Structure formats: C-alpha cells, structure tokens
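Chains, contacts and geometry: an overview
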Amino acid sequence: MSALTQALWVLLLGSLLGLELIGKVPPTLHTPLMSGANAISGITVLASLTLIAQANGQLPLLVLGSLSLGFALFNVVGGFLVTDRMLAMFSRKKTRSGGAG
Amino acid sequence: MAGLDLLPAVIDLVAVLLLALGIKGLSKVSTARSANGLAALAMGLAVLGLLIQQPLSPQAWLWIAVGTAVGGLLGLVTAQRVPMTAMPETVALFNGCGGMASLLVALGVALYGPGGTPGLVEQVSIVISVFVGAITFSGSIAAMGKLQGWIDTPGWTQSSLRHGVNIALAVACLAGAVALPGAMAGFPLWLLVVASSLLGIGVTLPIGGADMPVVISLLNSYSGVAAAAAGFVVGSQLLIVAGAMVGAAGLILTQVMCTAMNRSLVSVLFGGALGGAAPVGGGGEEAGYTRITSCSAEECALALEAAERVVFVPGYGLAVAQAQHALRELSKLLEAHGVGVTYAIHPVAGRMPGHMNVLLAEADVPYEQLLEMDTINPEFPRTDVVIVLGANDVVNPDAKTDSTSPLYGMPVLEVDQARQVFVVKRSLGAGYAGIKNALFELPQTAMVFGDAKSVLNGLLSELRSMGVGKKVAA
C-alpha cells in the first residue's frame, strides 16, 4: 500500500470514528464538548513541530514554525484549560446538590 | 533495535486511542472532566512521540521553546481571565488560532519546501490547508467580533449582493488553487490566502447572532479539517486521524444544534440573518408594538411573593448583565419563602447550547432545578409566574402559531401558558433574530424594563423590604 493510500484510509477511518464518537450528548455538555474538541483540533502543533524539525537551519521556516506553534499551543492550552474550568463547575454543583438533596 | 523503531508508532497509537476515548468521555456528564484531562494527556503524548522521533538541533529547540512559551503562556492567561459569559467568543478565538497554525505550516512548506519540491499530493494538501485554515481563522475572528459587538452586520450583507461577492471570492480561491501547483511561491498562493480569508469573513458576517453557535461549531469542524490537511502536508498520520475525528465530531455537533433550532445548515449559511424584512441595524425599533404593559419591580415583587410556582427563563441578556449570581440569590430568597423555583433552559438559550447551564452552574444553581424544554413545557399551565430574563426568540409564541413568522417551527418555551409573565428586557428592541415577539403584547405579560442585574437586585430589595424569607433567615 502506498503512503498516500494508507493516509487516505487513515482519513476515512478517522472520520468514521469521529462520526460515531458523539452520538447522544446532553445539551449541558454541548459547550464544553465543542470547546474540548476545539482544543484537540490544536493537534496541529505536530505539524508546527515537524516544520521546525525539518527546517534545516532555514530561518524563515524556523520563524513560521515557531509562530505556528505559538498559535496552535494557544489553542491547545487555552482550550483544555477553559474546558476544564467549565466542567469543574458541573462537578462542584453535582456534589453540592447531592449533599443537599 | 526493532523495538526502538516501534516505540514512536506505539506512542502514536496510544495517543489516538486516548484522544478517541477523550472525545467519547466528553459527551457524558460523569466522565467529562477526566476525559478532558485524558485528551490533554494524549496530546502531550503525541508531542513527546514526535520529539523523540525527530532529530532536533539546538537551534530548533530554541525556536520551539520560544513558540511554546509565548503560545502556552497566552493560552494559560486567557483561559484563566476570560469570564464565563464570554465562552462562545473565546472558543471562536482559540479555534481561529488553530486554523491560523495550519495555514502557517502550509505556507512554510509552500514557500520554503523543507523536504525538497512538494509532490502533487503535498501540493493538493497545501491548497486545502491554506484554504480551510484561512477560512477558519478569518471566519472565527469575524464570529468573535460579532459576538463581542465589535462588528455590526453591514446592510449590503443582507442583500443578494453578498452572494455575488462571495461567489467572486470563491472563484478567486479556485483560480489561485488551480494555478498554485505550477508556481508555489508566486502570486497564486497569495491570491489563495487573501481570497480565502475574505471569503471566511464574507460568509460569516451576514449570519445573524442567533445562528452564531452553529457557525462556531462548523468552524470548529473546519479547523479539524485544516489539521488533517496539514497532516497530509507534513506526512503525519496521527495528525490526519485526530483532525478527521474532530472534523467529523464537529459536524455532528453542528447538526445537533441545527436540529435544536429547527434550522437547516443550508439556511443558516446562506439564508442570512433571520427576518430579513426587519430593518437592519435599527436595533432599537419600537414601532409595531401597540399593547405593551410595563410595570415596576415592586409590582413584579408582589406577584412573586404571592406565587407558588415560579419559573425563570434565562437568556443572553442574563449573560451580558452577569446577573446569574443575583438570580441565584433571588431564587434562594423565594425558596426560603416556600416558593417552588425552577429554571427553564431552552436548548439554544444564550449564544451556545449549554451556555446557560454553564452560567447557572457557576452561580451554584442545583442541577435538578434546571429543566429542559420538553420537561418544563407541560408545567407552564400550572405555573404562577414566569420571569423571562433577557431571552426573546426562544419564548416567541409565533413560532408555534404564525406560519409566516421566520421562527415558525422552532421549538420554543411555552411561557404564554403561564398565568403571569414578566419580561425583563432593556428595551423593546427586537431579539437577535430581529423579529417582533407576540408574547410582549399578551394580556398576562408585563414588561419590566432594565438591565437584568439591576432589575433582579431591585426585586431582591423589594422582597426583603416586604419581609420575605426573614423567618428562615433569622
């Protein structure tokens, strides 16, 4: 199997997996889920790192890679933390209401 | 030897597995938080796998450190500082930056081709990555600007002119994309970058605020596609899988939101703001309302004091006024007085599904008191007082009865069934959908004009001066 065919299979199966992963989501979780999925889309850090690794000392590539890494990490770090902040409120609320009721 | 070669591949596989489990876990309340951590761990693992795979020069490490420090720190600070009310905008901003990252990678490969001249597959991937990355970035920033109120909806974007403009931009994108493989670093690349960016804005700008959550979710899906395309550009299968998963999951979420609003994706994207007949930009139009009853906080407080069952309907106005804590305090006071209090949450209340749940959770509202639309609607006929706080379109009875209304068919909270309705609103201005609300003219409805927070505080002091809740408090 050529690298391209393989990559296309990976694309197809990944897409199918994504379609199946979130079938039923309670509305409460829509915002956190969107935010979490958004953080995961920052996985493009891998592309930024690859660009830097393969730059071979070329300054423009290093700069572009570093810039891209900054943007992607902003997405990743901010995304995961903000999602955690939202979800932390749910869990706190759950324990409290559980204690009261 | 073979074992060492295998290590990065194993790390990648574990990372994909954890990512998938993370996304799955995020869709359940009980597991969501740990799932988020799991996904973050997977991301760290993926980065680690890549770093041990690639031989890195000290110079490369330096640039990695710079990018990591700046991006990570800004992300950290933003995530901690941003108020919960601004969540949709924040997600849009993060999302846009993810798109920008994919765009920059593709630009780097196109302009300076680290691995020699790009092959056809890489060229196609570069085109897709630039196109989707630029649209994701500019569209997300435009969406954020609209939600923050930085950008208005210009009049021309509501006319059919916008379709012409967007088609022209799309053609320019196509021209750039077709010409690109011949001249990697030349004019077609920049044409593609500029035209895609403008197209992102041109497509997002005309969309009304009520539909913004759908757009952000769709753009979120795009950023996954952009990441997958970047995966093809740099030849990373892990990136392709993760990008494809997010892209597909985002699409499902978008569909879920559209269903909740009874809108099709096509009409969201190409229909423009709801109610194109309404005067555009004239937000404060009061014309058209004839039988409005307005009342003071005092009268409203009297009705609350006498009620047995009260339902609050929170909307975006509550979020803007940051009034969730005042609302919680008012509820506590009423509960101490023996009033049954619940909250009716429309699936798309606020600017994003789940937005109100997040806000009210922040104010420690018990989970059981938040009732979803299907649960609360049969309860309205037995409800004494409904207080609508800065919600508008989600309580418009026209959506059920008036087949000419642009909202017709959208599931709404049937607050008009309650005995008495108070609508807390800053003015009679149209809602985000830009259309008139028949609820305001019903005989049982009274308007309490003012910002949600000041009205709620007014109600609190009125109730306290009446001695409500004192027995329990003392």
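Everything quoted here is computed from the prediction, not taken from an experiment. (Residues numbered from 1 in each chain as written. Chains lettered and ligands numbered in written order. Predicted model: local features only at pLDDT ≥ 70, side-chain atom pairs only at ≥ 80, totals over all residues.)

Okay, the overall build of chain B next. If you tally the helices and strands in chain B, you get 18 helices and 6 strands. With 474 residues in all, chain B has 54% of them scored as buried. Put simply, 79% of the contacts in chain B that link residues at least 6 apart link residues at least 24 apart. (Helix = DSSP H or I, 4+ residues; strand = E, 2+ residues; numbered from the N terminus. Buried ≥ 20, exposed ≤ 12 C-beta atoms within 10 Å, placed from the backbone. Contact = placed C-beta atoms within 7 Å.)

The helix and strand inventory of chain A stands at 4 helices and 0 strands. Along chain A, from the amino end to the carboxyl end, the secondary structure elements read α-α-α-α. Per-residue burial over chain A gives 64% buried out of 101 residues. Within chain A, contacts between residues at least 6 apart in sequence are counted, and of these 60% link residues at least 24 apart.

Counting 201 residues, the largest nonpolar core has Leu19(B), Ile23(B), Ala242(B), Met245(B), Val313(B), Val388(B) and Leu389(B) as its most contacted members. The element that contributes the greatest number of residues to this core is helix H4 (residues 59-100) of chain A, accounting for 18 residues. Of the domains in this structure, domain 1 (82-270) and domain 2 (297-473) of chain B are the two that each give at least three residues to this core. Not counting residues within four places of it along the chain, the set of residues in contact with Leu19(B) comprises Ile40(A), Ala39(B), Ala42(B), Ala242(B) and Met245(B). (Core = buried A, V, L, I, M, F, W, Y, C linked by C-beta atoms within 7 Å. Domains from an automatic or database assignment.)

Before going further, it helps to examine the packing of helix H4 (residues 87-112) of chain B against helix H5 (residues 120-148) of chain B. Residue and element names in this part refer to chain B. At their nearest, the axes of H4 and H5 sit 7 Å apart, and the two run at 155° to each other. Between H4 and H5, the crossing angle belongs to the class labelled roughly antiparallel. The crossing of H4 and H5 is left-handed. Here the residues of the contact of H4 with H5 are counted per class, giving 18 nonpolar, 9 polar and 2 charged. (Axes fitted to C-alpha atoms, helices over the stretch in contact; angles between N-to-C directions. Parallel < 35°, antiparallel > 145°, perpendicular 65-115°, else oblique. Left-handed = near helix turned anticlockwise from the far one by under 90°. Nonpolar A, V, L, I, M, F, W, Y, C, P; charged D, E, K, R; others polar.)

Attention now moves to helix H6 (residues 161-179) of chain B. Between its first and last C-alpha, H6(B) extends 27 Å over 19 residues, near the 27 Å set by a 1.5 Å rise per residue. Where the residues of H6(B) are buried, they touch H5 and helix H7 (187-204) of chain B. (Expected span 1.5 Å × (residues − 1).)

This next bit is on unusual backbone geometry. Positive phi values are uncommon outside glycine, yet Asn56(A) reaches one of about 60°. Inspection of the secondary structure puts Asn56(A) in the loop between helix H3 (45-53) and H4. Here Asn56(A) falls in the partly exposed class, since 13 other C-beta atoms lie within 10 Å of it. Despite not being glycine, Asp364(B) has its phi angle at roughly 65°, a positive value. Of note, Asp364(B) is situated in the loop between helix H14 (355-362) and strand E3 (370-372).

Counting residues at the interface gives 96 residues for chain B and 81 residues for chain A. For the side of chain B that touches chain A, the secondary-structure elements that each account for two or more residues are helix H1 (2-25), helix H2 (32-53), helix H3 (58-81), H4, helix H8 (212-234), helix H9 (237-261) and H14 of chain B. Take the side of chain B that touches chain A: its biggest share by element is 17 residues, from H9(B).

Here H7(B) spans 26 Å end to end across 18 residues, near enough to the 26 Å set by a 1.5 Å rise per residue. Burial within H7(B) is extensive, with 13 of its 18 residues counted as buried.

Our next topic: the sheet that holds strand E4 (residues 385-389) of chain B. Residues and elements named next belong to chain B. With parallel pairing, the 6 strands of this open sheet are ordered in space as E3-E2-E1-E4-E5-E6. On the outer flanks of this sheet lie E3 and strand E6 (445-449), each paired with one strand and no other. For this sheet the average axis-to-axis angle between neighbouring strands, irrespective of direction, equals 25°. Of the pairings in the sheet, the one linking strand E1 (residues 309-314) to E4 comprises 5 bridges and is parallel in character. Within E4, the position partnered with Phe312 by the bridge is Ile387. (Pairing = 2+ DSSP bridges.)

Take the environment of Pro83(B) next. Residue and element names in this part refer to chain B. Structurally, the position occupied by Pro83 is in the loop between H3 and H4. Residue classification places Pro83 among the exposed positions, given that 12 C-beta atoms sit within 10 Å. It is 31 Å that separates the C-alpha atoms of Pro83 and Val105, two residues lying 22 residues apart in sequence.

Our focus in this paragraph is the pairing of strand E2 (residues 340-345) of chain B. Residues and elements named next belong to chain B. Summarising the sheet, E1 and E2 pair through 4 bridges and their orientation is parallel. Paired with Phe312 across the bridge in E2 is Tyr343. Both E2 and E3 contribute to a ladder of 3 bridges, which runs parallel. What sits directly across from Ala344, in E3, is Leu371.

Another aspect to go through is the confidence of the model for chain A. Residue and element names in this part refer to chain A. Confidence in the prediction for chain A averages 83 pLDDT; 87% of positions are at 70 or higher. Ranking the helices and strands of chain A by mean pLDDT puts H3 first, with 92, and H4 last, with 81. Contacts for the low-pLDDT stretch residues 93-101, under 50 throughout, to residues beyond four places or in other chains number 10 contacts. (pLDDT = per-residue confidence, 0-100.)

All names here are of chain B. Running from N to C, H6 and H7 point in directions that differ by 155°, and their axes come no closer than 8 Å. As summarised for this structure, H6 and H7 are arranged roughly antiparallel, according to the angle between their axes. In the packing of H6 onto H7, the handedness of the crossing is left-handed. Note on element contacts: H7 touches H6 through Pro188, Leu191, Leu192, Ala195, Ser196, Leu198, Leu199, Gly202 and Val203, opposite Arg162, Val165, Asn166, Leu169, Ala170, Ala172, Cys173, Ala175, Gly176, Ala177 and Ala179. Considering only residue class, the contact of H6 with H7 consists of 15 nonpolar, 4 polar and 1 charged.

Quick look at the environment of Leu29(A) now. Along the chain, the position of Leu29(A) falls in the loop between helix H1 (3-21) and helix H2 (30-41). Distance in space between the C-alpha atoms of Leu29(A) and Met86(A) is 9.5 Å, their sequence separation being 57 residues.

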